[in-house]
Amino acid sequence: SHSTHKSKGKERPPRVPISTMKSTLSAALLVAVASAFTPQNLAFVPGGRFQSEKKVSPAAPQGRSLSLGTLHASKSRDKIASRTKWAEERGYGSSDESTSSGGGPKLIIAGAPASGKGTQCEIIKDKYGVVHLSTGDMLRAAVAAGTEVGKQAKDFMDSGKLVPDEVIIGVVKDRLDESDCVEKGWLLDGFPRTPAQAQALADAGVSADCFIFLNVPDDVLVERVVGRRTDPETGKIYHMTFSPPDDEEVLARLEQRSDDTEEKVKVRLEQFHANVEAVKGSYTDISVEVDGTQKPDEVCAVIMESIDKALA
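Each chain carries its own residue numbering, running from 1 in the direction its sequence is written. For this predicted model, a pLDDT threshold of at least 70 governs which residues receive local features, and a threshold of 80 or more governs which side-chain atom pairs are given and counted, while totals over whole chains, interfaces and linings are taken from all residues. Values reported for side chains reflect all heavy atoms of the structure, with hydrogen atoms and water molecules removed beforehand.

Student: Which parts of the structure should I look at to understand the packing of helix α5 (residues 117-128) against helix α14 (residues 296-311)?
Tutor: Note on geometry: axes are lines fitted to C-alpha atoms, helical ones only across the stretch in contact, with angles between N-to-C directions running from 0 to 180 degrees. By definition, any uninterrupted DSSP run of H or I lasting at least four residues is a helix, any uninterrupted run of E lasting at least two residues is a strand, and each is numbered from the N terminus. Running from N to C, α5 and α14 point in directions that differ by 45°, and their axes come no closer than 10 Å. Compared by their axis directions, α5 and α14 come out oblique. Like other packed secondary-structure pairs, α5 and α14 cross with a definite hand, here right-handed. Residues Thr119, Gln120, Ile123, Ile124, Lys127 and Tyr128 of α5 form the contact with α14, whose participating residues are Pro296, Val299, Cys300, Ile303, Met304, Ile307, Asp308 and Leu311. Only Asp, Glu, Lys and Arg are considered charged, only Ala, Val, Leu, Ile, Met, Phe, Trp, Tyr, Cys and Pro nonpolar, and every remaining residue, Gly among them, polar. Looking at side-chain class alone, the contact of α5 with α14 contains 10 nonpolar, two polar and two charged residues. Roughly parallel here means an angle under 35 degrees, roughly antiparallel means over 145, roughly perpendicular means 65 to 115, and every remaining angle is called oblique. It is the rotation of the near helix from the far one that decides the hand of a crossing: anticlockwise by less than a right angle makes it left-handed, clockwise makes it right-handed. In this description, contact between two residues means that some pair of their heavy atoms is separated by no more than 4.5 Å.

Student: Where do I start with the side chain of serine 115 in this structure?
Tutor: Of note, serine 115 is situated in the loop between β3 (106-111) and α5. Think of it in three bands: residues with accessible area under 20% of the maximum for their type are buried, residues over 50% are exposed, and the middle band is partly exposed, with areas taken using a 1.4 Å probe on protein chains only. The exposure class of serine 115 is buried, given its relative accessible area of 3%. Side-chain atoms alone can form a polar contact between residues adjacent in sequence; in general such a contact is a pair of N or O atoms within 3.5 Å, and within protein one must be able to donate a hydrogen while the other accepts it. Among the polar contacts made by the side chain of serine 115, one reaches the main-chain carbonyl oxygen of alanine 112 at a distance of 2.8 Å. Once you skip the residues sitting within four places of it in the chain, serine 115 turns out to touch Leu214, Val216, Leu221, Arg224 and Gly292.

Student: Which parts of the structure should I look at to understand the confidence of the model for the protein?
Tutor: Atom-level detail of predicted coordinates should not be read off regions where pLDDT is low. For every residue, the pLDDT score states the predictor's confidence, bounded by 0 at the bottom and 100 at the top. For the protein, the average pLDDT comes to 75, and 67% of its residues sit at 70 or higher. Here helix α4 (residues 97-100) is the element of the protein with the lowest mean pLDDT, 31, and strand β6 (residues 210-215) is the one with the highest, 97. In this model residues 1-7 is a low-confidence stretch, pLDDT under 50, and it forms zero contacts with partners more than four residues away in sequence or in other chains.

Student: Quick question: what am I supposed to make of the sheet that holds strand β5 (residues 186-189) here?
Tutor: Hydrogen bonding along the main chain pairs the strands of a sheet, whether they run parallel or antiparallel. In spatial order, the strands read β4-β5-β3-β6-β9; together these five strands make up an open sheet with parallel pairing. With one partner strand each, in any of the chains shown, β4 (131-134) and β9 (287-291) form the two edges of the open sheet. Neighbouring strand axes in the sheet, compared pairwise and without regard to direction, differ in orientation by 20° on average. Pairing between strands is defined by DSSP: at least two bridges between the two strands are required. Sheet analysis places β3 next to β5, joined by four bridges and oriented parallel. From the neighbouring strand, isoleucine 108 faces β5, where its bridge partner is leucine 188.

Student: It is not clear to me how the packing of helix α11 (residues 218-226) against helix α13 (residues 262-281) should be interpreted in this structure. Could you clarify?
Tutor: When two helices pack together, their arrangement is captured by the angle between the axes and the distance separating the axes. The N-to-C vectors of α11 and α13 enclose an angle of 135°; their axes lie 10 Å apart at closest approach. The angle between α11 and α13 falls in the class oblique. Here α11 and α13 pass one another in a crossing that is right-handed. Contacts from Asp218, Leu221, Val222, Val225 and Val226 in α11 reach Glu262, Val265, Lys266, Leu269 and His273 in α13. Each residue belonging to the contact of α11 with α13 can be placed in one class, and the counts come to six nonpolar, one polar and three charged.

Student: In this structure, what is going on with the pairing of β9? I would like to understand it.
Tutor: The side chains of a regular strand alternate, residue by residue, between the two faces of the sheet. Of the two faces of β9, only one is covered, namely that formed by Val288 and Val290; the face formed by Ser287, Glu289 and Asp291 stays uncovered. Relative to β9, β6 runs parallel, the two sharing five bridges. Across the sheet, the residue bridging to isoleucine 212 is valine 288, located in β9.

Student: How do you make sense of the pattern of salt bridges when you look at a structure like this?
Tutor: Each reported salt bridge corresponds to a side-chain nitrogen of Lys or Arg within 4 Å of a carboxyl oxygen of Asp or Glu. In this structure the tally under the stated criterion is 12 salt bridges. Its salt-bridge partner being arginine 268, residue aspartate 259 comes within 3.7 Å of it at the nearest N-O pair. On the accessibility criterion, arginine 268 (10% relative accessible area) is buried. A salt bridge links glutamate 289 to lysine 280; the nearest nitrogen and oxygen atoms lie 3.2 Å apart. A relative accessible area of 47% means that glutamate 289 is categorised as partly exposed.

Student: What is the right way to look at the packing of aromatic side chains in this model?
Tutor: The description of two aromatic rings rests on the distance between their centres and on the angle between their planes. Ring pairs shown here join Phe, Tyr and Trp side chains whose ring centres sit within 6.5 Å, with only the six-membered ring taken for Trp; geometry is labelled stacked below 30 degrees between planes, edge-to-face above 60, and tilted in between. Per the stated rule, a full pass over the model turns up two aromatic pairs. Taking 5.0 Å as the distance between ring centres and 5° as the angle between the ring planes, the aromatic pair formed by phenylalanine 211 and tyrosine 283 counts as stacked. Placement of phenylalanine 211 in strand β6 and of tyrosine 283 in the loop between α13 and β9 is noted, with a sequence separation of 72 residues between them. Considered together, phenylalanine 211 and tyrosine 283 belong to a single accessibility category, that of buried residues. Ring centres of phenylalanine 213 and phenylalanine 272 lie 6.5 Å apart, and the angle between their planes is 10°; on these two criteria the pair is classed as stacked.

Student: Is there a simple way to explain unusual backbone geometry in this structure?
Tutor: Peptide bonds are, in most cases, trans, and in most cases residues other than glycine have a negative phi. Here phenylalanine 191 and proline 192 are connected by a cis peptide whose omega angle stands at 5°. Along the polypeptide, proline 192 turns up in the loop between β5 and α10 (195-203). For alanine 114, which is not a glycine, the phi torsion comes out positive at approximately 70°. Take alanine 114: it is sitting in the loop between β3 and α5.

Student: How do you make sense of the environment of glutamate 122 when you look at a structure like this?
Tutor: Looking at where glutamate 122 falls in the secondary structure, it is placed in helix α5. Residue glutamate 122 is classed as partly exposed on the basis of its relative accessible area, which comes to 35%. In sequence terms glutamate 122 and histidine 132 are 10 residues apart; their C-alpha atoms lie 8.0 Å from each other.

Structure representation (structure tokens):
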């Protein structure tokens, strides 16, 4: 009986099977691995289950957890979104292939006042979807708004002179960096006008696919300019000889620009000729000269063929 009592007093705990010990070690390893990839701390509890040591966030569904695949996908999306935002903020456009290749066509059209640039620009814009950038329109808007740069521009425009480079270069460069120009491409109408402007574009890393020059003799240009009138309500331009309005009411409200007189247009033509050859020389490899005395549709056909060839 004594030996029996001793045996009961020092009773050994039951041995843990080897398989159970392996399961416990495996579970501990799983906890260590899982904790490295999940936002919550996990603990192993009897029965081979895991439970969170933190309460589940109200925003997260009960009884569901993020898988490793979901976490990696989420991190990848965050990286892509961050890079896309960085690119867009710097004017590089979207990260997909359609825009990363450089966007749409980059075109320049040049010609003297009344050479027909406006008509051809509308056609080019409609066909290729580019952003039409007219420095004249931007400057006239500044004059109408009475801004400081507008007042400076008005003095030059009223005397029939070209607006100086320092007034206009910064406006154009900033505009080309905007997202619509980066994505769709652009058409510079009448810019650059001077060798300094052409050099400023080159220094800024701006290059074109095609430079179009509309060639029209001075006597034809003077006739076109002097007869030109503008509808102040619609902005549409008419010509008293070639394309007068049919509506008498429209005809009565037409206005002539202050610089559309014969004396002033001759001053503008002198300045134009003093610079145009040097500007053309900056784009020799991509330059196309078109006879601007032809009918508009004939001029258009030559221009479209030249642009398509340049973009091919």
